[in-house]
Amino acid sequence: MPRIIIIVLLIGSLLAMLPPVIAAQARSTPNPNRPINLIQDMDLQAKFKAQSENDLFADKRSQRPQIQGTVARNEAYLDTHFNEGTVDGQWATTTPSQLPMNMARLQRGEERFNIYCTPCHGYSGAGDGAINQRALELVSNADGPVNGTVWVAAKSLHDATVTIQPIGQLFNTVTHGVRNMAGYGSQVPIEDRWAIVAYVRALQRSQNASIEDVPADKRGGL
Ligand code: HEC
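Model, not experiment: these values are computed from the prediction.

> So what's going on with the packing of aromatic side chains? Residues and values would help.
Applying the stated rule across the entire model yields 3 aromatic pairs. Taking 4.2 Å as the distance between ring centres and 10° as the angle between the ring planes, the aromatic pair formed by Phe171 and Trp194 counts as stacked. Highlighted residues: Phe171 in helix 8 (residues 167-176) and Trp194 in helix 9 (residues 190-207), separated in sequence by 23 residues. In this structure, Phe171 and Trp194 share a single accessibility class: buried. A cation over an aromatic ring shows up here: Arg64 above the ring of Phe57, its NZ or CZ 3.7 Å from the ring centre.

Put into structure tokens, the structure is as follows:
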């Protein structure tokens, strides 16, 4: 092979290494310029980034607060019985008609109650859930408030002040909370909240039942 060809091949292969070396160097060096976008898609567009200023509004916030009275689609709260547990401004005494009461719904309520309520109120609703027991243990071992706070025990759902409450009021408690108890409106869907309070009613009845409440064939000879 003539020497000249060998020299050309050698120089050629050395030159061929230059582009990848330049590319590798460029990739590892920060560059303040915008990237060159051959295919633009939606990379470059007029927009406001989070927390940036917008001179269009007097308060200059680009993230706009919710407009008062906005109602999300399908969430018009016109049916107060269903949504708030009230009828004509009074606590509803029945479950809403669109949720017929049956065994499946009560069992759903039992399942949801066991998930959301038993940690504090206990499986029977007596207020003796695991969290309650643990808190009482901590409080009884301490000389004063624990971490600067005191424990308000979860109420027994068989307390007369609860059993006399209309079911709409129970629904309101589950939805919005009451005094020291937080609401579950944002976690538990409406239908499940109704199922839960229906189950609470069943629990209350179970703790104050007479033999007449038990179907004759299930009384076991009593
Ligand atoms: C984190 C603990 C906790 C959980 C979980 C909890 N509760 Fe409570 N609940 C409380 C406490 C504490 C009170 C008493 C509040 C007070 O008196 O300040 C209470 C009170 C109540 C009352 C009585 C309201 C009244 O008018 O006196 C009802 C009814 C009730 N809870 C139902 C429920 C239901 C149903 C659930 C499940 C969806 C639930 N709670 C989940 C802690 C809890």
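Anyway, onward from the coordinates.
> So what's going on with the coordination of the iron atom of the ligand? Residues and values would help.
Angles at a metal have ideal values that depend on geometry: 109.5 degrees with four tetrahedral donors, 90 or 180 degrees with six octahedral donors. At 2.0 to 2.1 Å from the iron atom of the ligand lie its protein donor atoms, namely His121 (NE2) and Met181 (SD). For the iron atom of the ligand, the 6 donor atoms are set out with angles of 85 to 177° between them, so the coordination reads as octahedral. On the criterion of sequence distance, the pair formed by His121 in helix 5 (residues 118-121) and Met181 in strand 4 (residues 181-182) is long-range, its members being 60 residues apart. With relative accessibility at 11%, the residue His121 sits in the buried group. Classification of Met181 by relative accessible area gives partly exposed; the value is 28%.

> Outline the nonpolar core, listing residues and values.
If you look at the biggest cluster of nonpolar residues, it comprises 18 residues, and the most contacted ones within it are Phe113, Trp194, Ile196, Val197 and Val200. Listing elements by their share of this core, those giving two or more residues are helix 8 and helix 9. Per element, the largest residue contribution to this core is 7 residues, and it comes from helix 9. Apart from the residues lying within four places of it in its own chain, the contact partners of Phe113 are Thr118, His121, Gly122, Tyr123, Gly125, Leu157, Ile196, Tyr199, Val200 and Leu203.

> Which residues make up the packing of helix 8 against helix 9, and what values do they have?
Following both chains from N to C, one finds helix 8 and helix 9 inclined at 125°, their axes separated by 9 Å at the closest point. Comparing their axes, helix 9 and helix 8 come out oblique. Pair helix 8 / helix 9 crosses with right-handed handedness. Across the interface between the two elements, Ile167, Gly168, Leu170, Phe171, Val174 and Thr175 from helix 8 touch Ile190, Arg193, Trp194, Val197, Ala198, Val200 and Arg201 from helix 9.

> Go over the site of the ligand with me, naming the residues and quoting the values.
The ligand sits among 20 residues. The nearest are Cys117, Cys120, His121, Asn180 and Met181. Here an oxygen atom of the ligand sits 2.8 Å away from a polar atom, N or O, in the side chain of Gln165. When atoms are counted within 2 Å of each cavity's grid points, the one that captures over half of the ligand is the largest pocket. Looking at the shell around the ligand, the elements that each hand over two or more residues are helix 5 and helix 8. Here the shell around the ligand takes 3 residues from helix 8, the largest share from any one element. Considering only residue class, the shell around the ligand consists of 14 nonpolar, 4 polar and 2 charged.

Procedures and definitions
- Residues numbered from 1 in each chain as written.
- Predicted model: local features only at pLDDT ≥ 70, side-chain atom pairs only at ≥ 80, totals over all residues.
- Heavy atoms only, no water.
- Phe/Tyr/Trp six-rings, centres within 6.5 Å; stacked < 30°, edge-to-face > 60°.
- Helix = DSSP H or I, 4+ residues; strand = E, 2+ residues; numbered from the N terminus.
- Buried < 20%, exposed > 50% of the residue type's maximum accessible area, 1.4 Å probe, protein only.
- Lys NZ or Arg CZ within 6 Å of the ring centre and 35° of its normal.
- Donors = N, O, S within 2.8 Å, 3.2 Å for Na, K, Ca; no water.
- Tetrahedral: all angles 85-135°; square planar, octahedral: opposite > 155°, others 65-115°.
- Core = buried A, V, L, I, M, F, W, Y, C linked by side-chain atoms within 4.5 Å.
- Contact = heavy atoms within 4.5 Å.
- Axes fitted to C-alpha atoms, helices over the stretch in contact; angles between N-to-C directions.
- Parallel < 35°, antiparallel > 145°, perpendicular 65-115°, else oblique.
- Left-handed = near helix turned anticlockwise from the far one by under 90°.
- Near = heavy atom within 4 Å.
- Polar contact = N/O pair within 3.5 Å; in protein donor to acceptor, adjacent residues only side chain to side chain.
- 1 Å grid on protein atoms, 1.4 Å probe; cavity = no way out; pocket = protein on both sides within 12 Å on 5 of 7 lines; lining within 4 Å.
- Sits in = over half its atoms within 2 Å of the grid points.
- Nonpolar A, V, L, I, M, F, W, Y, C, P; charged D, E, K, R; others polar.

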